[in-house]
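# Report on the structure
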Amino acid sequence: MMQAVKIIKIKNLTPKIKVFRLTEIDGKKLKAFSPGSHIAVEIPVGQKIHRNFYTLCSSQQQTEFYDIAVLLTNNSRGGSQYLHRSKIGTKLNISYPKNSFSLASFAQKHILVAGGIGITPYLSMIAYLSKNNIPFELHYAAKSASECAFYDFLKCEYSSQVKFYFSELEEYISPEKVLEKQPLGTHIYLCIPHSLRKDFITRAKSIGYPKSAIHQEIFGAKKVNQKRSFIANLSKSKQKITVAKDRTLLEALEAAKIPIDYSCRIGGCGACEVKVIAGDIEHLDSYYSSVEKTQQNKMLACISRAKNQQIIIDL
Amino acid sequence: MNSISLLTKFEFDLSGSRHIVCAEGDAVDLICNQIEKLGYVPENTNILCLSESIVVDKKLNIKYVSTLENLIAKLIENLSSAYMGTRFYAVGSEQFVGDLRNHPIRLGMGSDEITLAVVERKKKRVFCSTCHEINTQVTTKIFNCFYCGIKLEIWSHFSCLKNAYLGVCADAEEVL
């Protein structure tokens, strides 16, 4: 389900982050959403249409417009570059909102941890929490104030709940200090780089936070060694697809024009799951449980690979 | 929904860093057995036992409380100052466990932080669907409501909120 929108405002938040305000083309209200939701934006790249995913950082209390913040990256598929070159009036097709990083409704307190562009899901969350007088803390790491998206806004509106950490000033988030002595019912939300996320989870588990109280939004896949290519044999269509060492199975299937669904493209949502009939799988996702991974009968095409030279998939 | 399954064994959830245990009478034995099996008392374990006298004569830090009201008051005191990492356990009859379960939940504890161990359910609490009163200590499947006198049949449907089974009129369809 798609919505046709246009860009009505563009603001530079930092040298590399712009926020875009989108309204429905005919002035109608956009679809409602819950805090933490994201949308897919269709981006034309050459002859193809890619879908990039951006969190809604406007408040869910109104749907006259959506705000999305986009970080310009060099190693993207071209989506951020397209948007950064866009002007006011540019028309876009976007999906209905979807939420895979929502607030826990039974939590008594929320601790939100952000690194860089990871701040985006928290804007709508803190608007909601603040309106409903629900306690929260926001711990936000960035290189400096000038590279900290929404710094002025957060300092002004949420000064008592936000703590900033600027690496240029050698200020770093301490998982221990953030997590210890928190009251019962505290949930933590992590939208931070992999290594800091790992430290937080390790510390939270050692304190005794249950798994259900730790929420993560995957913001960048794990760096993996992708040196080996492999062949995917498609059992239904009888095709053989070579997956080069610097490509994913999803990309190889798309290049071969084999229809396959996808969403996050970083192993977090399960949309690109394929059944595996034979061959050992190297799971690189953050979606399956350890039990599911040992079953070796399905994989996420966007990130996982064959352990050996060949694999047979049910496509 | 159905009520909690009967316990087969009690175990500490050692992923927690603090343990608040409430036991009813002899059920405290189960906790002591588990501690013996472990060979140590998990750090920061606090055991409250509902009993008018000492049940186990072992060197364990067990606080005995003679009434349910006092036990609940002590429990709330403990929970109010507890931090994340705490695990809660209630071990005893179905009525006892049901009386305690809502307190940690109200403070935000999730199901993976709470262990409910029902050791017997001979006596049931039954909600009368006619007069809406709750009958306690019911031991038969069919009985007369203590309040309105209607003959009730106990169904398997259990309300966590009311901590009671549903009792419906047993002879509603009999021809008068």
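The model shown is predicted, which means the values in this text are computed figures rather than measured ones.

### Some words on the nonpolar core
All names here are of chain A. The biggest cluster of nonpolar side chains holds 33 residues, and the ones touching the most others in it are Ile 119, Tyr 122, Phe 150 and Leu 154. Secondary structure elements with two or more residues in this core: strand S2 (17-24), strand S7 (109-115), helix H2 (120-131), strand S8 (136-142), helix H3 (151-157), strand S9 (162-166) and strand S10 (186-191). When residues in this core are grouped by element, the largest group, six residues, is from H2. Residues from two domains meet in this core; each of domain 1 (2-95) and domain 2 (109-216) gives at least three. Apart from the residues within four sequence positions on either side, Ile 119 is in contact with Ala 114, Leu 138, Tyr 140, Ala 149, Phe 150 and Leu 154. By size, the runner-up hydrophobic cluster in this structure holds 26 residues, among which are Leu 234, Leu 249, Ile 260 and Met 299.

### Considerations on the sheet that holds strand S8 (residues 142-144) of chain B
Residue and element names in this part refer to chain B. If you trace the five strands from one edge of the open sheet to the other, you get S7-S6-S10-S9-S8, paired in mixed fashion. Strand pairing shows two members of the sheet lacking a second neighbour, strand S7 (134-138) and S8, which therefore form its edges. On average, each strand axis in the sheet is tilted by 45 degrees relative to the strand beside it, whichever way the strands run. Those strands touched by helix H3 (residues 94-106) are strand S6 (124-128), S7, strand S9 (151-159) and strand S10 (164-169), and its axis lies near 65 degrees from that of S6.

### Some details on the pattern of salt bridges
With the rule as written, the count across this model stands at nine salt bridges over all chains. Between A:Lys298 and A:Glu292 there is a salt bridge; the shortest N-O distance is 3.6 Å. With relative accessibility at 27%, the residue A:Glu292 sits in the partly exposed group. Where B:Arg125 meets B:Asp99, a salt bridge forms, and the shortest distance between an N and an O atom there is 3.8 Å. Of this pair, B:Arg125 sits in strand S6 while B:Asp99 sits in helix H3, and the two are 26 residues apart along the sequence.

### Points about the environment of A:Ile25
All names here are of chain A. Examined against the element boundaries, Ile 25 turns out to sit in the loop between S2 and strand S3 (38-45). Separated by 67 residues in sequence, Ile 25 and Leu 92 have C-alpha atoms that sit 9.2 Å apart. When near neighbours in sequence (up to four residues on either side) are disregarded, Ile 25 contacts Ala 4, Val 5, Lys 6 and Lys 91.

### Some thoughts on the interface of chain A and chain B
Taken together, the 16 residues of chain A in the interface contact 16 residues of chain B. The junction of chain A with chain B conceals about 1,200 Å² of combined surface from both sides, 59% of it contributed by carbon and sulfur atoms. In this structure, the connection of chain A to chain B is made through zero salt bridges. In this assembly, chain A and chain B are joined by four residue pairs in polar contact (both at pLDDT 80 or more). Its residues assigned to classes, the side of chain A that touches chain B comprises seven nonpolar, six polar and three charged.

### Quick notes on the packing of helix H2 (residues 68-80) of chain B against H3(B)
Residues and elements named next belong to chain B. The geometry of H2 relative to H3 is characterised by a closest axis approach of 10 Å and an angle of 25 degrees between their N-to-C directions. If you check the angle between H2 and H3, you find them roughly parallel. With respect to the hand of their crossing, H2 and H3 are arranged in right-handed fashion. Contact residues: Leu 68, Leu 71, Ile 72, Leu 75, Ile 76 and Leu 79 in H2; Phe 96, Asp 99, Leu 100, His 103 and Pro 104 in H3.

### Looking at the side chain of A:His187
Residue and element names in this part refer to chain A. In this fold, His 187 is placed in strand S10. Here His 187 falls in the buried class, since its relative accessible area comes to 11%. What His 187 contacts, discounting residues up to four positions off in sequence, is Ala 104, Ala 107, Lys 109, His 110, Ile 111, Ser 212, Ala 213 and His 215.

### Observations concerning the confidence of the model for chain A
Predicted confidence across chain A gives a mean pLDDT of 90, with 95% of residues reaching 70 or more. Note that pLDDT drops below 50 for residues 219-223 of chain A; the model gives that stretch 11 contacts with residues more than four away or on any other chain.

### Section: the domain arrangement of chain A
Note: interface size is frequently given as the accessible area lost on complex formation between the parts. All names here are of chain A. Splitting chain A by domain gives domain 1 (2-95), domain 2 (109-216) and domain 3 (230-313). Taken over C-alpha atoms, the centre of domain 1 sits 24 Å from the centre of domain 2. Between domain 1 and domain 2, the contact holds 17 residues from the first and 14 residues from the second. Roughly 1,200 Å² is buried in total at the junction of domain 1 and domain 2, and carbon and sulfur atoms are behind 73% of that figure. Together, Pro 35, Cys 57 and Gln 61 form the three largest contributors to the area buried by domain 1 at its contact with domain 2, with a combined 32%. Inspection of the region where domain 1 meets domain 2 yields zero salt bridges.

Reading the values: rules and limits
Residues numbered from 1 in each chain as written. Chains lettered and ligands numbered in written order. Predicted model: local features only at pLDDT ≥ 70, side-chain atom pairs only at ≥ 80, totals over all residues. Heavy atoms only, no water. Core = buried A, V, L, I, M, F, W, Y, C linked by side-chain atoms within 4.5 Å. Buried < 20%, exposed > 50% of the residue type's maximum accessible area, 1.4 Å probe, protein only. Helix = DSSP H or I, 4+ residues; strand = E, 2+ residues; numbered from the N terminus. Domains from an automatic or database assignment. Contact = heavy atoms within 4.5 Å. Pairing = 2+ DSSP bridges. Axes fitted to C-alpha atoms, helices over the stretch in contact; angles between N-to-C directions. Salt bridge = Lys/Arg side-chain N within 4 Å of Asp/Glu carboxyl O. Buried area = accessible area lost by both parts, 1.4 Å probe. Polar contact = N/O pair within 3.5 Å; in protein donor to acceptor, adjacent residues only side chain to side chain. Nonpolar A, V, L, I, M, F, W, Y, C, P; charged D, E, K, R; others polar. Parallel < 35°, antiparallel > 145°, perpendicular 65-115°, else oblique. Left-handed = near helix turned anticlockwise from the far one by under 90°. pLDDT = per-residue confidence, 0-100.

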